[in-house]
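Observations on the three-dimensional arrangement
Given next are the chains, with one letter for each unit.
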Protein chains: 2
Amino acid sequence: MALDTPSADSREYYTITDLTREFGVSTRTIRFYEDEGLISPLRRGRTRLFRQSDRRLLSFILRGKRLGFSIAEIREIKDMYKEPPGEAGQLRLLMAKVKEKRGELEQKRRDIEETLRELEQVEETSLARLAEIGVGT
Amino acid sequence: MALDTPSADSREYYTITDLTREFGVSTRTIRFYEDEGLISPLRRGRTRLFRQSDRRLLSFILRGKRLGFSIAEIREIKDMYKEPPGEAGQLRLLMAKVKEKRGELEQKRRDIEETLRELEQVEETSLARLAEIGVGT
DNA sequence: GTCAGGATTGACTTTAACGTAAATCGTGCC
DNA sequence: GGCACGATTTACGTTAAAGTCAATCCTGAC
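Below, the structure is looked at part by part. Since we're looking at a predicted model, the values are computed, not measured.

Re the interface of chain B and chain A
The partner chain A presents 42 residues to the 42 residues of chain B that form the contact. Counting each side, the surface lost to burial between chain B and chain A is near 4,100 Å², with a carbon and sulfur contribution of 66%. At the boundary of chain B with chain A, the tally comes to 14 salt bridges. For Arg-109 of chain A, the salt bridge identified is with Glu-113 of chain B, shortest N-O distance 3.1 Å. Residue classes in the side of chain B that touches chain A are distributed as 19 nonpolar, 6 polar and 17 charged.

Have a look at this one:
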């Protein structure tokens, strides 16, 4: 039998190549993330078995990459999602880090808005130019 | 006399170190961008003289970097800002590229919104936890 | 004119994030 | 029970984006 009974939509386990196909990354990339301690799939013998949680984690990592975060930064952000610490000092430290990341993200958002506005301007100018030269074509 | 009469706010020329201070990058970085053809400051002898336009260009480059774009991508985007071509085919090509970049940026924006929401969640949980353990401190 | 300190050049080094290749492993199928 | 084929491991290679270092060059101040 196959590794798993594919139940309609969400299966229990994914192979590494399943994920490479779904996310468009190489096996090397996924193994690299595992070496970096970002993902820890199960094993059957040597073969990796990725759970839904592993799959979501990979998705999270790739989202971070799209935003230009380094592996180290992604690890930092991931750590923020853990159960918050019980000690007040540690908690305040966490909150400071969260605040900093939020600041970075908001800066990125402003950068995006600006760039989008500029590109829209380019588009308009292009359309105008096209109308100009395209008259009668 | 100094290189330039500093007139209130915007001077005519900036030295390379002026820009390193303003933008928090190294001289090596700025020269690297020049080698890559992204900036072309004037020269007096060997010394670089950066105009306002060069300064704005540097700002643009660094904005791209913050968004995780590579030098090649930044060059591409920069080229889009040039006078649009007069030939219809080239113009359509440009518009296609603009559309693609806009798509990427909108994806990044969605990624940011998601991440921000998650971080806000972390913040809330942390505040709750702090209230819990911080009662009476 | 000389001298100190910033700017430049050129070359080599570094780091992150994978790519690539070779050899081994394992396992399901006939 | 042998074999084809995908997964793994190990190790070295590569690329982008600078960092670093040494030597030279200006140039304005004295």
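Quick notes on the nonpolar core
If you look at the biggest cluster of nonpolar residues, it comprises 58 residues, and the most contacted ones within it are Tyr-33 of chain A together with Tyr-33 of chain B. With residues up to four places along the chain from it excluded, the contact list for Tyr-33 of chain B reads Leu-38, Ile-39, Leu-58, Ile-61, Leu-62, Lys-65 and Ile-71 of chain B.

Re the protein's contact with DNA strand D
Around DNA strand D, the structure places 19 residues, and the nearest of them are Thr-17 and Arg-48 of chain A together with Ser-26, Tyr-33 and Ile-71 of chain B. In this structure, Thr-17 of chain A approaches DNA strand D through a side-chain N or O atom, which is 2.5 Å from a phosphate oxygen. Those elements giving two or more residues to the surface near DNA strand D turn out to be helix H1 (16-23), helix H2 (27-35) and strand S2 (47-49) of chain A together with helix H2 (27-35) of chain B. With 4 residues, the top contributor of residues to the surface near DNA strand D is H2 of chain B.

Some words on the environment of Leu-57 of chain B
Among the secondary structure elements, Leu-57 of chain B is positioned in helix H3 (residues 52-66). A sequence separation of 18 residues divides Leu-57 of chain B from Ile-39 of chain B, and the C-alpha atoms of the two residues are 6.9 Å apart.

What to know about the relation of the copies chain B and chain A
Of the transformation superimposing chain B on chain A, the axial component is 0.0 Å and the angular component is 180°, with the fit at an RMSD of 0.1 Å. In the structure described here, the two chain copies are related by an operation that fits a two-fold rotation axis. Among all residues of chain B, the one whose C-alpha sits closest to the rotation axis is Gly-68 of chain B, at a distance of 2.0 Å. The residues that chain B uses at the interface reappear at the interface of chain A in 100% of cases, marking a shared surface.

Focus on the protein's contact with DNA strand C
Near DNA strand C you find 18 residues, and of these Ser-26, Tyr-33 and Ile-71 of chain A together with Thr-17 and Arg-48 of chain B are the closest. Of all DNA strand C atoms lying within 4 Å of any protein atom, the proportion belonging to sugar or phosphate reaches 72%. Measuring from a phosphate oxygen of DNA strand C, one finds a side-chain N or O atom of Thr-29 of chain A at 3.3 Å. In the environment of DNA strand C, a phosphate oxygen lies 3.2 Å from a nitrogen or oxygen atom belonging to the side chain of Lys-65 of chain A. Secondary-structure elements contributing two or more residues to the surface near DNA strand C are H2 of chain A together with helix H1 (16-23), H2 and strand S2 (47-49) of chain B. Considering only residue class, the surface near DNA strand C consists of 4 nonpolar, 6 polar and 8 charged.

Rules behind the numbers
Residues numbered from 1 in each chain as written. Chains lettered and ligands numbered in written order. Predicted model: local features only at pLDDT ≥ 70, side-chain atom pairs only at ≥ 80, totals over all residues. Heavy atoms only, no water. Contact = heavy atoms within 4.5 Å. Buried area = accessible area lost by both parts, 1.4 Å probe. Salt bridge = Lys/Arg side-chain N within 4 Å of Asp/Glu carboxyl O. Nonpolar A, V, L, I, M, F, W, Y, C, P; charged D, E, K, R; others polar. Core = buried A, V, L, I, M, F, W, Y, C linked by side-chain atoms within 4.5 Å. Buried < 20%, exposed > 50% of the residue type's maximum accessible area, 1.4 Å probe, protein only. Near = heavy atom within 4 Å. Polar contact = N/O pair within 3.5 Å; in protein donor to acceptor, adjacent residues only side chain to side chain. Helix = DSSP H or I, 4+ residues; strand = E, 2+ residues; numbered from the N terminus. Least-squares fit on C-alpha atoms with pLDDT ≥ 70 in both.

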